Amino acid sequence: GNGSTGGGSDSMNQSCSSSFTEVQISSSISIKYKSNETMLTVEIRTSREAWLGFGVNPNGLMLDSDAVIGSPSEGVAKYRLENVKGVNGVKILDDERQTLSNTSFTQDENGSLMTFTKLLDDGTDMTISSDGKTVFIYAVGASNSLQRGHIERGSVALQLKPCSNSSSIIGDNTFGATETYMTHFQAHGLIAVLTFGIIMPLAILTPTLRFRLNRKIQNKELWVIIHMGLNITSYILFVILFGLAVYAKTSIQSQHFQHNHEIIGLLMFIVMTLQLLAGILRPHSKKSLNAESQAIVPSSTNTEMNYEVSIIEASTNNHVEVGFSTEHINITQEESIEPATPSKSRIRIRELWEISHAMFGILLAVLSAYQIRTGIDLYNNLYKMESYSKYIIVYSVWAFCLMSIVLLILFNRLRSKCRS
């Protein structure tokens, strides 16, 4: 595999030799170590391709610690983990304090391996006991880059016994807890599938069924109630899964929004927030505007018309005489008036809102397909999924169904425009 070595010749000058003791820290991390009165040799291995860290802290914490960190690009060196979270708190020590020997960092198909030998007392406050309990810390990176932070960390209390192959492990191998945040990312993925894989497509599909779901409940059509309910549910779930990802990334001291998956997730959060606000503050529909206009204009007017008419008939010898006299007769005439129509500008605003609302919904559907796929890939890179190919098959079927819904919506929109 690829790797780097350094540190010069072995300066242990041991008075006796000892064999390695191996500790399985987690399913993906193992540690081998041996010691004498003055030196400690450590081999730490992970099944991932990532940087590795191993240090000392009596409280089992990462902050305010001394650590050895190795990566393919930087090799193996001593660092100071200052009392500041994030990569800004990781400082490489000066050359005169780089007292490691037999250092190496290699990677192959089995993962990553870091090896080093260090002094038990190297002049720092974090002295390792040659014959007693010492609390060690360890970390595994999210990738080979320190900028991505760690994906797993923890602490282990070991009792060193020089020149013996019976070095003991205190308690149940751990002091504190091994933190992988695997469950956080699992919950993030499951909620994402529920939100983007089921609820959001149903919300997008609902307006196409408006003629079948047109029954009114409290003066609102049923499809509108369902559409709004699904969108609000999607947004609440999205806030939860977004918060889980941010919390986990913060906890592993990784920089935010460095990967395309994270950047697009932030973009979707902004678009969904705007979509929700736009739905709440939406302009009136054309039907509502027509009803509003007709409600303030009378449908007819009464006009009083005065006619002076009086007919006098006299019949003499089959001769009819017609005369006129004046008399007022009131006749009510219904005058027809064209109903008022809403202003074209208000109608145009509503039309633009409908188009933009639909397009942003389709954009979210397309981005969600991308997010689920990249999310599966990222999770597989971190935790080596056993059923990766099965997940991809299920994803492909779901993505096909989702794109079919999108095409159906676009077709219905185009057909309605052509009809109008």
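Rules used in this analysis
Residues numbered from 1 in each chain as written. Predicted model: local features only at pLDDT ≥ 70, side-chain atom pairs only at ≥ 80, totals over all residues. Heavy atoms only, no water. Phe/Tyr/Trp six-rings, centres within 6.5 Å; stacked < 30°, edge-to-face > 60°. Helix = DSSP H or I, 4+ residues; strand = E, 2+ residues; numbered from the N terminus. Buried < 20%, exposed > 50% of the residue type's maximum accessible area, 1.4 Å probe, protein only. Lys NZ or Arg CZ within 6 Å of the ring centre and 35° of its normal. Salt bridge = Lys/Arg side-chain N within 4 Å of Asp/Glu carboxyl O. Core = buried A, V, L, I, M, F, W, Y, C linked by side-chain atoms within 4.5 Å. Contact = heavy atoms within 4.5 Å. pLDDT = per-residue confidence, 0-100.

A.B. asks: Hey, could you go over the packing of aromatic side chains for me, with residue numbers and the actual values?
C.D. replies: Per the stated rule, a full pass over the model turns up 9 aromatic pairs. Ring centres 6.2 Å apart and planes at 25° place the aromatic pair Phe238 and Phe242 in the stacked group. Residue Phe238 and its partner Phe242 are both found in helix H2 (residues 222-251); the two are separated by 4 residues, about one turn of the helix. The exposure classification of Phe238 matches that of Phe242, with both residues buried. Where Phe242 meets Phe269, the ring centres are 4.7 Å apart and the plane angle is 15°; that geometry is what we call stacked. On the criterion of sequence distance, the pair formed by Phe242 in helix H2 and Phe269 in helix H3 (residues 260-280) is long-range, its members being 27 residues apart. Residue Phe269 is classed as partly exposed on the basis of its relative accessible area, which comes to 21%. Its guanidinium or amino end placed over the ring of Trp223, Arg210 lies 4.6 Å from that ring's centre, counting from NZ or CZ.

A.B. asks: Which residues make up the pattern of salt bridges, and what are the values?
C.D. replies: Under the definition given, this model contains 8 salt bridges. Across the salt bridge formed by Asp64 and Arg80, the nearest N and O atoms sit 2.2 Å from each other. With Asp64 in the loop between strand E5 (52-56) and strand E6 (65-71) and Arg80 in strand E7 (residues 75-81), the pair connects residues that are 16 residues apart, well separated along the chain. Note on Arg80: relative accessible area 23%, which makes it partly exposed. Residue Asp122 pairs with Lys118 through a salt bridge whose shortest N-O separation is 3.5 Å. With respect to burial, Asp122 and Lys118 carry one shared label: buried. Connected through shared salt-bridge partners, Asp64, Asp66 and Arg80 make up one network.

A.B. asks: A description of the nonpolar core should follow, citing residues and the corresponding values.
C.D. replies: Judged by nonpolar contacts, the single largest core of 65 residues is most densely connected at Phe54, Met114 and Phe196. Setting aside anything within four residues of it in sequence, one finds Phe196 in contact with Pro201, Phe238, Leu241, Met268, Met272, Ser368, Ile372 and Trp398. With 9 residues, the next largest nonpolar core counts Ala67, Ile69, Leu81 and Ala139 among its residues.

A.B. asks: Kindly report on the confidence of the model for the protein, identifying the contributing residues and their values.
C.D. replies: With 75% of its residues at a pLDDT of 70 or more, the protein shows a mean pLDDT of 78. Here residues 166-177 scores under 50 on pLDDT; set against residues more than four positions off or in separate chains, the count is 35 contacts. This model gives residues 299-329 a pLDDT under 50, and the stretch forms 46 contacts once residues within four places in sequence are excluded.

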